[in-house]
Every structure is written in structure tokens, then in C-alpha cells.
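# Breakdown of the fold
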2 protein chains.
Amino acid sequence: MTFNYLSKHRSVLIYGASLAALLFLMKWLEWHFIIVNYAFELYAGFIAVIFTGLGIWLALKLSKPKTTIVTVEKELLISSDTFILNEAALTETGLSRRELEVLQLMAGGLSNQEIAEKLFVSLNTIKTHSSNVFEKLEVQRRTQAVEKAKRLSLIP
Amino acid sequence: MTFNYLSKHRSVLIYGASLAALLFLMKWLEWHFIIVNYAFELYAGFIAVIFTGLGIWLALKLSKPKTTIVTVEKELLISSDTFILNEAALTETGLSRRELEVLQLMAGGLSNQEIAEKLFVSLNTIKTHSSNVFEKLEVQRRTQAVEKAKRLSLIP
DNA sequence: TTCAAAATCACCCTAAAGTATGAGGGTTTA
DNA sequence: TAAACCCTCATACTTTAGGGTGATTTTGAA
């Protein structure tokens, strides 16, 4: 902002200085070569061209850039695969780390036996865990547990 | 494009005409009031100011608007709840209408007994259907069936 | 160090799920 | 009309899931 204002002022000053300088040049020429009379039109044309250029330069310098804002809407796919665990729901349900782990494998379609093998624990342990999961999620079956867990964003 | 070019041309023509007219005016003034000698600076200043203005006008007329492209990313939720059944996958798996129906209820977390009651058929019928579903989806358990069905967009 | 969860495992029992086979009745299609 | 599905149901059997109880060991925080 401040820079813009300064540059604006400088441009005007430079323009004024140029005008003054040219007039002095004219005066000087008038006294040294008496050609004012028979070449007035030439001088006028010369000044006209010069100051037209100056005007153009001034205008370009001072004019605010005409900005055409083109709004391009860009589609952003959300949610699709950006999974963020719902910490709030997790703490509210009171699911432990291990229980969440079992729940995830459950959602993957694994049987309790397969989960047990994957986690290197006994089948009974998984049964205990899954029972706890059902209780904490307030459901009766694993399919319901998976469905609810997905709704709560506990699993992708 | 063509309009722009024409307008450009017209501006240049107007500028040239103005210049010529001013020179003629000068000439006329020179002949009618012999004030050329003692007011040369005044004339020069006059011409300078006039053509500065002309230059500014020209520049503003000719300068192309600077186009700034602003990309605005607009979040668009897609898919989230716009479910479209994957007909291709449906025909490929060879699932019948009833089997798909059972699959949907299965995904809702219903037990076979509940599905049977909802569809007013016997538990055995649902067992048969679900067995067929598992076979056609090439899975062993209902949780796997639900998972695969969702992947194939057979169910929301 | 102590105490409370959390994790582990074992039994027992019931319920639900899944497999296999057969069979009757309905619709569609070559 | 026969073949090919589809829907229905039954019976019998096996497997898996789930509920209940109790116990031991780990672990993390006060």
C-alpha cells in the first residue's frame, strides 16, 4: 500500500520534471538555433509524441491492474479413503487397544479362530475380547458390531 | 477478438486524427493571432498536457485487462450417500433378487432368524439363501460377504 | 510400591451360523 | 414341453459364535 502510494507520487514527480526539462530544452534551442518560426509544427509534433508516450507510461504505471477473477471450482473428494479415527467415540465406548484391534480384524471378515492365530493368542481370549466389544458397543452380533463401529468411525 | 482489434485500430486512428487536428489548430492560431513568439512555452505546455491526456486515454483504452486466475477449491461431498448399485458386479456374481435382499439385511446386522421373520419365510430358507450368497461371493462367513458386497457396491 | 485396568486363558453351555442333501412348486426360455 | 433357474422348506449334522464365570499375569498410573 505505502509502496504503491510512493510509486504513484514518484511517477507524477518524474512526469512534472520531464515537462519542465523539455520546456527548458525548448527555450535553450530557441536561443541557440533560431528555428522556432519555421519549424513550429515540427516542435509541436515532437512534443505531442513525447508526451503521448509519457502519458501512456504514466497510465500504465498508475492504472490499477484490471483483475478479472476467474473462479475455478475444483472437486475435492472427501471422506472416501481419508479415515480419521473418532477419538471421542473411542473413549466414550471405553474400548481398549486390544479390543479395537479385534474389532478391526472382525470387520475384515476373520473368524475368531483366525483372529486368535493372527494375534498369537488363544481362541478363548478372542472370545473374551469380542464379548467385551459387543457389550461396550451395546450390540449382540459381530455384524452389528462392525456396522456400528463403521458408523462411529472406529474403523474405516 | 475481432472487436478488440477493431477497437484498437479505432483508438489509434482517433489519436492520429486528434494530432493532425491540433496541428491545424496551431497553424490557424499562428496566422490569426501572432502570438507564436512570445507564448511558445505556453503552447508547448498546452500541447504537452493535451497529449499526455491523450496518451493516458490511449493506454487505458488499449491495455489488456490482466487476468488473474484464482482457483477456489470448493469441497464437494460426492458418493457419501449417493449409492448406485453396481449392476455389472451383480450380474457377474449371479446373485438373485432374494439373495441380494438377504445380503442387505445381513449387512444391517440382522441374524438369520430376524431376516426370516422380516421376509416372512422360514429360518431354513434364509440359511439356504445365505449359503448360496456365500458360494456366489466366494466367501465363507457373513462378515466376509458383507465386506465384499460393499466393496463391489452391491450394497451401500 | 500399590492398585486397577487390561490382557490372557480355561471350561461349560447355548445359540446361531453354516454345510449338505433332497424335494416341491413357480417362472422363463429355448 | 423340457431344461434351467428361483424360491421355498425340511432334516441332519458340524462349526462357529456368544454368554457366564473364574483365574492368572501384565501393565500403567497414582
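Anything mentioned here points back to the structure above.
Heads up: these notes are all about the structure in this document. Computed from a predicted structure; not experimentally measured. (Residues numbered from 1 in each chain as written. Chains lettered and ligands numbered in written order. Predicted model: local features only at pLDDT ≥ 70, side-chain atom pairs only at ≥ 80, totals over all residues. Heavy atoms only, no water.)

### Observations regarding the protein's contact with DNA strand C
Residues in contact with DNA strand C amount to 19 residues; listed here are only the nearest, S96(A), V121(A), S122(A), K127(B) and R142(B). Each atom of DNA strand C within 4 Å of the protein was classed as base or backbone; sugar and phosphate made up 69%. Separating a phosphate oxygen of DNA strand C from a side-chain N or O atom of R98(A) is a distance of 2.8 Å. The side chain of T128(A) places a nitrogen or oxygen atom 3.2 Å from a base nitrogen of DNA strand C. (Near = heavy atom within 4 Å. Polar contact = N/O pair within 3.5 Å; in protein donor to acceptor, adjacent residues only side chain to side chain.)

### Examining the pattern of salt bridges
When the charged atoms of two side chains with opposite charge come close together, those side chains can pair. Residue and element names in this part refer to chain A. Going through the model one piece at a time under the given rule, you end up with 9 salt bridges over all chains. One salt bridge connects E99 with K136, and the closest N-O pair in it is separated by 2.8 Å. Here the residue E99 occupies a position in helix α4 (residues 97-107), and K136 occupies one in helix α6 (residues 123-137), the gap between them amounting to 37 residues. Relative accessible area serves as the criterion here: at 5%, E99 is assigned to the buried category. A relative accessible area of 31% places K136 in the partly exposed class. (Salt bridge = Lys/Arg side-chain N within 4 Å of Asp/Glu carboxyl O. Helix = DSSP H or I, 4+ residues; strand = E, 2+ residues; numbered from the N terminus. Buried < 20%, exposed > 50% of the residue type's maximum accessible area, 1.4 Å probe, protein only.)

### Regarding helix α4 (residues 97-107) of chain B
Listed as buried for α4(B) are E99(B), L100(B), V102(B), L103(B), L105(B), M106(B) and A107(B). Buried residues along α4(B) sit against α7 (142-151) of chain A together with α3 (87-93), α5 (112-119), α6 (123-137) and α7 (142-151) of chain B. The first or second residue beyond α4(B) is G109(B), which carries a positive phi of 90 degrees. (Contact = heavy atoms within 4.5 Å.)

### Focus on the protein's contact with DNA strand D
Surrounding DNA strand D, one finds 19 residues, the nearest of these being K127(A), S96(B), V121(B), S122(B) and N124(B). Close to the protein, within 4 Å, the atoms of DNA strand D belong to sugar or phosphate groups at a rate of 68%. K127(A) places a side-chain nitrogen or oxygen 2.7 Å from a base oxygen of DNA strand D. In this structure, S96(B) approaches DNA strand D through a side-chain N or O atom, which is 2.2 Å from a phosphate oxygen. Ranked by the residues each element gives to the surface near DNA strand D, the list is headed by α6(B), at 5 residues. In the surface near DNA strand D, the residues fall into 2 nonpolar, 10 polar and 7 charged. (Nonpolar A, V, L, I, M, F, W, Y, C, P; charged D, E, K, R; others polar.)

### A look at empty space enclosed by the protein
As enumerated under the stated definition, the model contains 1 cavity of 30 Å³ or more in all. When its volume is computed, the largest cavity comes out at roughly 110 Å³. Lining the largest cavity we find A107(A), T143(A), V146(A), E147(A), K150(A), A107(B), T143(B), V146(B), E147(B) and K150(B). When the residues that make up the lining of the largest cavity are grouped by side-chain class, the tally is 4 nonpolar, 2 polar and 4 charged. (1 Å grid on protein atoms, 1.4 Å probe; cavity = no way out; pocket = protein on both sides within 12 Å on 5 of 7 lines; lining within 4 Å. Points joined across faces, edges and corners; volume = space filled by probe spheres on them.)

### With respect to the packing of helix α5 (residues 112-119) of chain A against α6(A)
All names here are of chain A. Their axes nearest at 8 Å, the elements α5 and α6 cross at an angle of 110 degrees. With respect to α6, the axis of α5 lies roughly perpendicular. Considering the relative orientation of α5 and α6, their crossing is right-handed. Residue-level inspection shows N112, Q113, I115, A116 and L119 of α5 in contact with α6, the latter providing L123, I126, K127 and S130. In terms of residue class, the contact of α5 with α6 is made up of 5 nonpolar, 3 polar and 1 charged. (Axes fitted to C-alpha atoms, helices over the stretch in contact; angles between N-to-C directions. Parallel < 35°, antiparallel > 145°, perpendicular 65-115°, else oblique. Left-handed = near helix turned anticlockwise from the far one by under 90°.)

### Looking at the environment of E92(A)
All names here are of chain A. As for its placement among the helices and strands, E92 is situated in helix α3 (residues 87-93). You can call E92 exposed: its relative accessible area is 71%. In the structure, E92 is positioned 44 residues away from K136 in sequence and 9.3 Å away in space, judged by C-alpha atoms.

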